[in-house]
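# Descriptive analysis of the structure
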Amino acid sequence: MSSRRDFIKISALGFGATAVLASVAKFGVGSPIEEMLGLSSENLPSFRRFPTYCEVCFWKCAGWAYVTETGNIQKIIGNPDDPQCNGRLCPRGTGGVGMYNDKDRLKKPLIRFTNNGEQTYREASWDEALEFVSNKMKEIASKYGPESMALFNHGSSGHYFTHLLNAYGSGNITAPSYAQCRGPREAGFEATFGDAVGSPEATDIRDARCLVLIGSHIGENMHNGQIQEMSDAIDKGAVIITVDPRLSTAASKSKYWLPIKPATDIALLMSWIHVLIYENLYNKDYVEKYAEGFNELKEHVKNMTPEWAYGVTTIEPDIIRATAREMADAAPSALVHPGRHVTWYGDDVQRSRAIAILNALLGSWGQRGGFFFKEGFKLPEYPHPPYPSPNWSWKETMNGQFPLAKMSVTNTIIDASIPEKGKEHIIRGWIVSGTNLPIAMPLKAQLMRALQALELIVVVDTMPMEITGFADVVLPECTYLERYDDLRDSPHREPSIALRMPAVEPSYETKPAWWIAKQIGEKLGLSAYFDYKDYKDVLDWQLKQVGSSLEEMQRIGVKRLKRTKGPLYIPEGEVHKFNTPSGKIQLHSKELADAGFDAIPVYTPHPEPPEGFYRLIYGRAPMHTFSRTANNPNLVALMPENSVWVNPTIAKQWGLKSDQKVWLKNQDGVISTFSIKVRITERIRWDSVYMVHGFGHHYKPLKNAYGRGVNDTEMITNVMVDPIMGGTGMRGNFITFIKEDPRKEMQS
Ligand SMILES: Nc1nc2c(c(=O)[nH]1)N[C@H]1C(S)=C(S)[C@@H](COP(=O)(O)OP(=O)(O)OC[C@H]3O[C@@H](n4cnc5c(=O)[nH]c(N)nc54)[C@H](O)[C@@H]3O)O[C@H]1N2
Ligand SMILES: Nc1nc2c(c(=O)[nH]1)N[C@H]1C(S)=C(S)[C@@H](COP(=O)(O)OP(=O)(O)OC[C@H]3O[C@@H](n4cnc5c(=O)[nH]c(N)nc54)[C@H](O)[C@@H]3O)O[C@H]1N2
Ligand code: SF4
Ligand SMILES: [Mo]
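Residues numbered from 1 in each chain as written. Chains lettered and ligands numbered in written order. Predicted model: local features only at pLDDT ≥ 70, side-chain atom pairs only at ≥ 80, totals over all residues. Heavy atoms only, no water.

### A closer look at the packing of helix α11 (residues 265-278) against helix α16 (residues 348-362)
The description of two packed helices rests on the angle between their axes and on the distance between the axes. Spelled out, the test is: Axes here mean lines fitted to C-alpha atoms, for a helix over just the part in contact, with angles spanning 0 to 180 degrees between N-to-C directions. Each helix corresponds to a stretch of at least 4 residues labelled H or I by DSSP, and each strand to a stretch of at least 2 residues labelled E; elements are numbered beginning at the N terminus. When an angle is under 35 degrees it counts as roughly parallel; over 145 it counts as roughly antiparallel; between 65 and 115 it counts as roughly perpendicular; any other value is oblique. Definitions for this section: a left-handed crossing has its near helix turned counterclockwise from the far helix by less than a right angle. A right-handed crossing has that turn clockwise. We call two residues contacting when some pair of their heavy atoms lies within 4.5 Å. Note on residue classes: Ala, Val, Leu, Ile, Met, Phe, Trp, Tyr, Cys and Pro are nonpolar, Asp, Glu, Lys and Arg are charged, and everything else, Gly too, is polar.
Where α11 meets α16, the axes come as close as 9 Å, and the angle between the chain directions of the two elements is 20 degrees. Put simply, α11 runs roughly parallel to α16. With respect to the hand of their crossing, α11 and α16 are arranged in left-handed fashion. Two secondary-structure elements touch here, α11 through Asp265, Ile266, Leu269, Met270, Trp272, Ile273, Leu276 and Ile277 and α16 through Gln350, Arg351, Ala354, Ile355, Ile357, Leu358, Leu361 and Leu362. Its residues placed into classes, the contact of α11 with α16 shows 13 nonpolar, one polar and two charged.

Okay, here's the thing in structure tokens:
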């Protein structure tokens, strides 16, 4: 399947994809509550509203939770004053009430115990469960040192446990949102511009005149603000170029869809760089002023012509040239999106570098329609004694590997949790909060060995997710709609702060994470670090330092502030200094060369699927977030399971019918636990299959999610680790179809 002909042929199917966006808009582009309830805003007497920001994903849109007189959360709607969502939530945010209503929620603390030789859980009081945790933590600290405890986190609860572990004496704090998500991007952009991209991305999509998406499927990747801005850009006539082996929702909205052969993106990027340089299309003023290493780059890409790239990527040379010209025409308002989940093929820092270099040649960093300079509001930290200095930390668990990792790498923390001879730094206990490691982490064998070896595993979660099955103690957190949390102060075009407060009391015996961390801290003798009664006191103190108050934020939910750190873009006539050692953009990276890596990205071929196998690629669906929503009754109603996308040619070869259930087997002989429905579609290349991540739960307490579809992580047994920062490339796995239940065969 290659470029132009398919583009035209398949764009006729674009309606299907457009319909996806339209239906998303119907659920998502939150009509005001008044409209939804058939009321005007003045006459909503029976509702009380409470400010919150969403925890269904990490865009953190601010909204209002409307509660009836009888204490039911009726609806969550976007806060119109919030610059991150502009008053509109996505379908998942609207469906966030389902996290609160889910009948399968964790309800009481649980402690593992052995009954007649069989391990099981028993319910425990909070005091008993917390006593258990703190006693075990004391024992670990005295036997091995406090550094032997690690935290895995994602989401709001992370901060409280980070504070707890820092006070206890450990700096081993990690999250899959780095080495399984955006780490390579941050390393690649930092090596080029001296700054990471961060979250939310400082992409000026709304003013871009050309937007290039490389496997970034905005539309299914429902990061709210980006979708709204992309829709504005399209309305203003922006040219969208989407590079994806699959006709994603974004591809269906694009002028150019480049259905690239997976794993070859670096070749396309380098040939774009070739065209910009050799056709004199690059932004000369900008490059002369700001970049160094241009001559080396020019020499490096000399032979990386579109004709060369065609042979690698299957994208025709005239399309490569035409799209490069579109970018140049729009420059500097031409934005090559840095992507977000970028751990694909193990050379992901280099791919991100190529994207960064392309942006540098277009001159988009610090320009309208490119990347803006974001600004956040720095809230003062609530006073506490200084933290003790740990004797060693996550850096030591890397054993000299991954020199450009600026944050801790989950995989090395997991590896350090397997006690082996000769290992100097061993981790003995974990707190896991807000991350479902068995589904988020590839390298299953390594994870399982660690989970077996640890002396303590504490899981703080709202749901009985797979990870809770490995815990010694399960601590049930209340949902985001039932608690205070830190103020949201994420940076963007203008600084803003948003409050989350309880809309209702915590259900069952659940507690907020700040309370859980404080109780453990007090039992560990660390009360001085938790010198407040209620988190409200912390928030009110912080707000009063900056001229606001909890009372004000309870009324308004979101406060927008003025920028104080300079303009959004590089002002005309001013010379900008980049945060690199020389103050210039690094087209040729000395930092990488010194560390023994390619100073300029090089394309290296990756293994191809064996005969009868197809590359497994995965992504998002608009109505789910990873595995965290898989049991949410509201969202399960919108999408109960995933399907496997198969090209019609392949379906015909295999005699597959639409909606037929198949089992999947990968290149290492791993067979999926459950079956998955076939979706036959022209929207996927013949050499790949696609599925949405987060399904195929095998944990029975998840009644809505159990056994629905296939878990992509289970099929990912080949992991290509990026030598530069440790990201786990997960797209080098190949699957084939099994049409009859393989377990039945095994039994007979
Ligand atoms: N195979 C495969 N692996 C992937 C990905 C992929 O696409 N495919 N994506 C990767 C990416 S981009 C990322 S960012 C990571 C994400 O990986 P994770 O961070 O593990 O994300 P979730 O699956 O959302 O898991 C969140 C966990 O948090 C719990 N939770 C939800 N709300 C709360 C709360 O308020 N408090 C507490 N304490 N817990 C809560 C949920 O019940 C769930 O157990 O996964 C990575 N791993
Ligand atoms: N609805 C929803 N939105 C989300 C999330 C969610 O769980 N649900 N999670 C959020 C998070 S944490 C993240 S990190 C982002 C992730 O979202 P993104 O960063 O946008 O996407 P990825 O998951 O990296 O990429 C998925 C796309 O890459 C394509 N692809 C696969 N292989 C290749 C290849 O070799 N080359 C190219 N060019 N494309 C390829 C797939 O077909 C798919 O369209 O989404 C965020 N938004
Ligand atoms: S994008 Fe959707 S799920 Fe994510 S925070 Fe916003 S409303 Fe919530
Ligand atoms: Mo992510």
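Still to come is the rest of the account.
### Details of the sheet that holds strand β12 (residues 334-336)
The line we're drawing: Here, strands pair whenever DSSP counts at least two bridges between them.
A sheet is described by the order of its strands in space; here four strands give the open sequence β10-β9-β8-β12, paired in parallel fashion. For this open sheet the edge positions go to β10 (256-258) and β12, each flanked by a neighbour on one side alone. This sheet shows a mean twist of 10 degrees between the axes of neighbouring strands, independent of strand direction. Inspection of the sheet shows strand β9 (residues 239-243) paired to β10 by three bridges, in the parallel sense. Paired with Thr242 across the bridge in β10 is Trp257. The strands touched by α16 are β8 (210-214) and β12; relative to β12, the strand with the most contacts, the crossing angle is about 170 degrees.

### Regarding the site of ligand 2
Where we set the bar: We call a residue near a molecule or strand when any one of its heavy atoms sits within 4 Å of it. Each polar contact in these results corresponds to two N or O atoms within 3.5 Å; when the atoms are within protein, one needs to be able to donate a hydrogen and the other to accept it, and residues that are neighboring in sequence are counted only if both atoms are side-chain atoms. Exposure was quantified through the Shrake-Rupley algorithm and a 1.4 Å probe, taking into account, for residues, occlusion by the shown protein chains and nothing else. Domains are outlined according to an automatic or database domain assignment.
Of all residues adjacent to ligand 2, which total 31 residues, the nearest are Asp244, Asp265, His341, Tyr345 and His624. At 3.2 Å from an oxygen atom of ligand 2 is found a main-chain nitrogen or oxygen belonging to Arg340. Expressed as a share of its isolated accessible area of 920 Å², the protein-covered part of ligand 2 is 99%. The residues that make up the shell around ligand 2 include at least three from each of domain 3 (180-374 + 571-594) and domain 4 (614-747).

### Quick word on the sheet that holds strand β7 (residues 173-174)
Pairing in this open sheet of seven strands is mixed, and the strands run β5-β4-β15-β14-β13-β6-β7 from one edge to the other. Each of the sheet's edge strands pairs with one partner strand only, and the pair in question is β5 (118-123) and β7. In the sheet, strand β13 (residues 429-433) pairs with strand β14 (residues 456-461) via five bridges, with the strands oriented parallel. Across the sheet, the residue bridging to Trp430 is Ile457, located in β14. On the sheet, helix α6 (residues 126-144) packs against β4 (110-115), β5, β6 (149-153), β13, β14 and β15 (473-476) and is oriented at approximately 130 degrees with respect to β15.

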